[in-house]
Amino acid sequence: MEKGDVNREMGVQAAALFVPDLDDLAAVVAKVLSTNYSVSSCTVVECPDLTKPPFDLAAPGICGKTKLVEIGGVPNLVPEAKYAEKVYDFEALGKLANLDGSFVLGAGAGSKHVVGVNCEMMPNLILEGEKHAAKNNTRVARVNAENDKCVLEHYGEKYDSKEFCLLCNAFCSAGDSGKVLKVVAKVRTGDDNLVSCIRKGILSHYGPEKPIGMGGTFLIKSGKVKTHVMPDFCSCPLLSEEDVANWLNFYEMDSPFMCLSTFISQDPGLDLRVEHTHGYSLENQQGGHYHTDVTPDQIEYVGYFNVAQEIVRVDKPTETHMIGRD
Ligand SMILES: [Zn+2]
């Protein structure tokens, strides 16, 4: 199929988000974490240098000009993959959504036209701009069709690409250091994954009228996580959650595992995916879409998050549904 134009016209909508006082937010997050983990805390700290191991981020921090950006969506993939028409490029989006020089992290789908197959993408890059030097630490994870094993690749070094397909959830910032939330959680006692736990707690406290968007990074220091990696496109339509689950390749991945996460407490009517987290392990050469931890007694998280000032919605699908948003 012929590849779509990354510079084509796309709809762009933006909405301001509620920005709570960081100390108040830390208290809310600390409280909800204690309902899901036996040891936990949330404090306001100066962001450590996240370019250092084990975080491997392209920029030192997640502060300054923060925004959530959601591009495309699952309806580009389900029930049928319209990948030929749906190719995006971060630099082109930078112009369209005023992201020049932004540090972008999050979860999306790598380009079939670059990698050769459909794949998971862990965006981790600084766009062209004047402040920080452009850098591309993005990784992709694909399925080796011969043995079903996960293959992790450096999208920046191997392919030198900023292109992607289908969908992406990004947290953008100036990449500066500054005040952030530090989250620690060990030994899971509840049912929620780390992101759902925080998101639901924020929604419950602030309410649906005050949507709060967040993004950042967290490390799984010990324990294992359930992930999926999309295999190549399915020739048959995916009509239900069950069809999607049967199509995906699921894995248990080992720690250390570094995640890139975006979430919003409440969709303010922009057809959003309210949470999306991808991650990878340089030590174990694995990566994919984070579902939850599978070793509640061993699990240990440490993460750094910041609040987004606005949400930008790009190329919202015209026909939508709620399948495949887990
Ligand atoms: Zn995903």
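Up top is the structure these notes are about.
Cut-offs used in this document
- Residues numbered from 1 in each chain as written.
- Predicted model: local features only at pLDDT ≥ 70, side-chain atom pairs only at ≥ 80, totals over all residues.
- Heavy atoms only, no water.
- Helix = DSSP H or I, 4+ residues; strand = E, 2+ residues; numbered from the N terminus.
- Buried < 20%, exposed > 50% of the residue type's maximum accessible area, 1.4 Å probe, protein only.
- Disulfide = S-S within 2.5 Å.
- Donors = N, O, S within 2.8 Å, 3.2 Å for Na, K, Ca; no water.
- Pairing = 2+ DSSP bridges.
- Axes fitted to C-alpha atoms, helices over the stretch in contact; angles between N-to-C directions.
- Contact = heavy atoms within 4.5 Å.
- Phe/Tyr/Trp six-rings, centres within 6.5 Å; stacked < 30°, edge-to-face > 60°.

Asker: It is not clear to me how the side chain of histidine 291 should be interpreted in this structure. Could you clarify?
Answerer: The residue histidine 291 is located in strand β18 (residues 286-293) in this model. For histidine 291, a relative accessible area of 13% puts it in the buried group.

Asker: Got a minute to help me understand the state of the cysteines in this structure?
Answerer: Counting across every chain of the model gives zero disulfides. Cysteine cysteine 42 shares no disulfide, and the gap to the nearest cysteine sulfur, in cysteine 197, comes to 11 Å. Summary of cysteine pairing: cysteine 47 is not part of a disulfide, and the nearest cysteine sulfur, belonging to cysteine 63, is at 5.6 Å. Accessibility expressed as a relative area gives 8% for cysteine 47, which makes it buried.

Asker: Would you mind going over the coordination of the zinc ion with me for this structure?
Answerer: Those donors, His276 (NE2), His278 (NE2) and His289 (ND1), are the protein atoms that reach the zinc ion, and they lie 2.1 Å from it. Mapped onto the sequence, the residues coordinating the zinc ion show the spacing H-x1-H-x10-H. Both residues of the pair, histidine 276 and histidine 278, count as buried.

Asker: So what exactly am I meant to see when it comes to the sheet that holds strand β14 (residues 224-229) here?
Answerer: By way of backbone hydrogen bonds, the strands of a sheet pair with one another, either parallel or antiparallel. Strand order in this open sheet of nine strands is β2-β12-β19-β13-β16-β17-β18-β14-β15, and the pairing throughout is antiparallel. A single partner strand is all that each edge strand has here, and the edge strands are β2 (37-46) and β15 (249-254). On average, each strand axis in the sheet is tilted by 30° relative to the strand beside it, whichever way the strands run. Alignment of β14 against β15, held across six bridges, turns out to be antiparallel. Among the inter-strand pairings, lysine 226 is bridged to a residue of β15, identified as glutamate 252. Lying on the sheet, helix α1 (residues 22-33) is in contact with β2, β12 (179-188), β13 (213-222) and β19 (300-308); it crosses β2 at an angle near 170°. In this fold helix α5 (residues 194-206) packs onto β2, β12, β13, β16 (257-264), β17 (275-281), β18 and β19, with an angle of close to 25° to the strand it touches most, β16.

Asker: Could you clarify how one ought to interpret the packing of aromatic side chains in this entry?
Answerer: Any pair of aromatic rings gets described here by the distance separating the centres and the angle formed by the planes. Per the counting criterion, the structure on display carries 10 aromatic pairs. With 5.2 Å between their ring centres and 25° between their planes, tyrosine 88 and phenylalanine 164 make a pair best called stacked. You can see tyrosine 88 sitting in strand β4 (residues 87-89) and its partner phenylalanine 164 sitting in strand β11 (residues 163-173), a full 76 residues away along the chain. Judged by relative accessible area, which is 0%, tyrosine 88 ranks as buried. On the basis of relative accessibility, which here comes to 0%, the residue phenylalanine 164 falls in the buried class. Pairing phenylalanine 218 with tyrosine 301 gives two aromatic rings, centres 5.6 Å apart and planes at 70°, and the pair type is edge-to-face. On the criterion of sequence distance, the pair formed by phenylalanine 218 in strand β13 and tyrosine 301 in strand β19 is long-range, its members being 83 residues apart. Like phenylalanine 218, the residue tyrosine 301 is buried in the burial classification.

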